[in-house]
Amino acid sequence: MGSEKCRLFCLLTPLPTCTVSEPIRSVVITPGNTPVSSQDGSSEGAANVPTETYSRAMVLVILFLVTGVLGIGLLRRCPSMSHLERWFWTLVVTAYTAALIGLAILIVRASLTWGG
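Read on for a plain summary of the structure. (Residues numbered from 1 in each chain as written. Predicted model: local features only at pLDDT ≥ 70, side-chain atom pairs only at ≥ 80, totals over all residues. Heavy atoms only, no water.)

1. Let's talk about the overall build of the protein chain
Our working definition: Helix and strand assignments follow DSSP, with helices taken as H or I runs no shorter than four residues and strands as E runs no shorter than two, numbered in order from the N terminus. For each residue, the accessible area found with a 1.4 Å probe, counting protein chains only, is set against the maximum for its type, and the residue is called buried under 20%, exposed over 50%, and partly exposed in between. Using a 1.4 Å probe, the Shrake-Rupley method yields the accessible areas, and only the shown protein chains count as cover for residues.
Looking only at helices and strands, one finds 4 helices and 0 strands in the protein chain. Walking the protein chain from its N terminus toward its C terminus, one meets helices and strands in the order α-α-α-α. Looking at the 116 residues of the protein chain, the share that counts as buried comes to 13%. As displayed, the protein chain offers around 9,700 Å² of accessible surface, 68% of which is attributable to carbon and sulfur atoms.

2. Topic: helix α2 (residues 56-67)
Threshold: Under the convention used throughout, the expected extent of a helix is 1.5 Å for every residue step, that is, one less than its residue count. Arc definition: it is the arc formed by the directions from the helix axis to the C-beta atoms.
Taking 1.5 Å as the rise per residue, α2 with 12 residues should run 16 Å; its terminal C-alpha atoms sit 15 Å apart, in good agreement. For α2, the full list of buried residues reads Val 59, Leu 60 and Leu 63. All buried residues of α2 fall inside an arc of 95° around its axis, so they share one side. Opposite the buried face of α2, by more than 90 degrees, sit the exposed residues Ala 57, Leu 65 and Val 66.

3. Considering the packing of aromatic side chains
The line we're drawing: Aromatic rings from Phe, Tyr and Trp, taking only the six-membered ring of Trp, are treated as a pair when their centres fall within 6.5 Å; an angle between ring planes under 30 degrees marks them as stacked, one over 60 as edge-to-face, and anything in between as tilted. Any Lys NZ or Arg CZ found within 6 Å of a ring centre and within 35 degrees of that ring's normal is scored as a charge over the ring.
Overall, the coordinates contain 3 aromatic pairs when judged by the stated rule. Aromatic side chains Phe 64 and Trp 89 sit 6.0 Å apart centroid to centroid with 80° between the ring planes, which places their arrangement in the edge-to-face category. Of this pair, Phe 64 sits in helix α2 while Trp 89 sits in helix α4 (residues 83-115), and the two are 25 residues apart along the sequence. Take Phe 64: its relative accessible area is 23%, and that puts it in the partly exposed class. Aromatic side chains Phe 88 and Trp 89 sit 5.1 Å apart centroid to centroid with 70° between the ring planes, which places their arrangement in the edge-to-face category. An aromatic cluster is built from Phe 64, Phe 88, Trp 89 and Tyr 96, whose rings are joined through pairwise contacts. Over the ring of Trp 87 we find Arg 76, and its NZ or CZ is 4.5 Å from the ring centre.

So, in structure tokens, the structure goes:
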């Protein structure tokens, strides 16, 4: 009975109106742009991606040693590789990740058959 009264009260109570004396400021982030962190328009504190992150060697190290197929987004945004290279490495990383998953399945199956 108590929850019904609460629901009825919530339905009958009008929502408070918002009165703001100053304009509301917002930041629109589009793909490829970095948001401005301060209200005065300075780029102080904005997230800047170091150029070393997009070097060909660093992207491949991240893909093969850390992220696997989950890092394809980083690979697709890498400006130091051509379109054909991106597709080639996407296929290689996908095959590599599938091989690792298959190897893990084989190890689990082998441990289950040897154990019991």
